[in-house]
Each structure stands twice: as C-alpha cells, then as structure tokens.
Amino acid sequence: MRRGCISLGEVQCDACKSIIPYPDRYLAVDEKDGKEDDEGETYRYCVPCCLKKGYAHHKVEKGEQILTFFEE
C-alpha cells in the first residue's frame with residue numbers, strides 16, 4: 001500500500017539514506033522482497049527516489065504540472 005506523507009524533519013529515505021526535510025513530501029510503501037504488499041515492511045522514499053523507482057510521476061492537471069504518487 002502507498003501513502004503520501006509530509007516530513008516532520010526526522011524521516012530518512014530508505015533508498016539514498018538522506019534526511020527528508022520538513023515540509024517535503026515523501027512516500028511510505030509497504031513492500032516485501034522489492035514488491036508492493038500489504039504485509040511487508042514499510043519503506044520511506046524521498047521524491048527523487050520515488051521518480052527513479054517509478055512510484056511517482058508528473059502529470060498535467062488543470063493546465064499545471066503536478067507530482068502524484070497515484071498510479072496511472
């Protein structure tokens with residue numbers, strides 16, 4: 001399961017190990033063996049890592065480009 005979150009400044013990205021500063025967005029994903037799963041561990045990814053892994057993408061909505069964690 002994917003959950004879009006806002007950092008309180010104490011969150012570390014599990015992929016690149018950088019601290020996600022307040023109030024940046026990040027994604028919490030339940031994964032097991034690298035695949036999304038409701039029973040797996042929760043991993044937190046910063047926006048650049050989400051884009052690399054394909055968990056986030058940019059789309060145009062109402063004439064503006066936005067970042068979304070929802071699947072297409």
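Here, the structure is the one placed above.
Nothing here was measured: the structure is a model prediction, and the numbers come from that model.

Digging into the overall build of the protein chain
When its secondary structure is counted, the protein chain shows one helix and eight strands. Ordered by position from the N terminus, the helices and strands of the protein chain form the series β-β-β-β-β-β-α-β-β. Against the globule reference of 11 Å for 72 residues, the protein chain gives a C-alpha radius of gyration of 12 Å, in line with a compact fold. Split into buried and exposed, the 72 residues of the protein chain put 29% on the buried side. When the accessible surface of the protein chain is summed, it comes to about 5200 Å², and 48% of that surface belongs to carbon and sulfur atoms. Both charge centroids of the protein chain, one from 11 positive and one from 15 negative side chains, sit 3 Å from each other.

So, unusual backbone geometry
Cis peptide bonds are those with omega within 30 degrees of zero, and the linkage from Y22 to P23 qualifies with -5°. By the element assignment, P23 lies in the loop between β3 (19-20) and β4 (25-32). Despite not being glycine, K17 shows a phi value in the positive range, around 65°. Note on placement: K17 falls in the loop between β2 (11-12) and β3. Of note, the phi angle at K62 is positive, near 55°, even though the residue is not glycine. Its place among the elements puts K62 in the loop between β7 (57-61) and β8 (64-68).

Observations concerning the pattern of salt bridges
Side chains that differ in sign of charge can pair as their charged atoms come close. Following the criterion strictly, the structure yields three salt bridges and no others. The shortest N-O distance in the salt bridge between R2 and E71 comes to 3.9 Å. Taken as a pair, R2 in strand β1 (residues 2-6) and E71 in the segment after β8 lie far apart in primary sequence, 69 residues in all. Among the ionic pairs, E61 bridges to K59, the shortest N-O distance being 3.4 Å. You can call E61 partly exposed: its relative accessible area is 38%.

Rules and cut-offs
Residues numbered from 1 in each chain as written. Predicted model: local features only at pLDDT ≥ 70, side-chain atom pairs only at ≥ 80, totals over all residues. Heavy atoms only, no water. Helix = DSSP H or I, 4+ residues; strand = E, 2+ residues; numbered from the N terminus. Rg over C-alpha atoms; globule rule 2.2 N^0.38 Å. Buried < 20%, exposed > 50% of the residue type's maximum accessible area, 1.4 Å probe, protein only. Areas by Shrake-Rupley, 256 points an atom, 1.4 Å probe, with all protein chains shown as cover. Lys, Arg positive; Asp, Glu negative; His and termini not counted. Charge placed at Lys NZ, Arg CZ, Asp CG, Glu CD. Salt bridge = Lys/Arg side-chain N within 4 Å of Asp/Glu carboxyl O.

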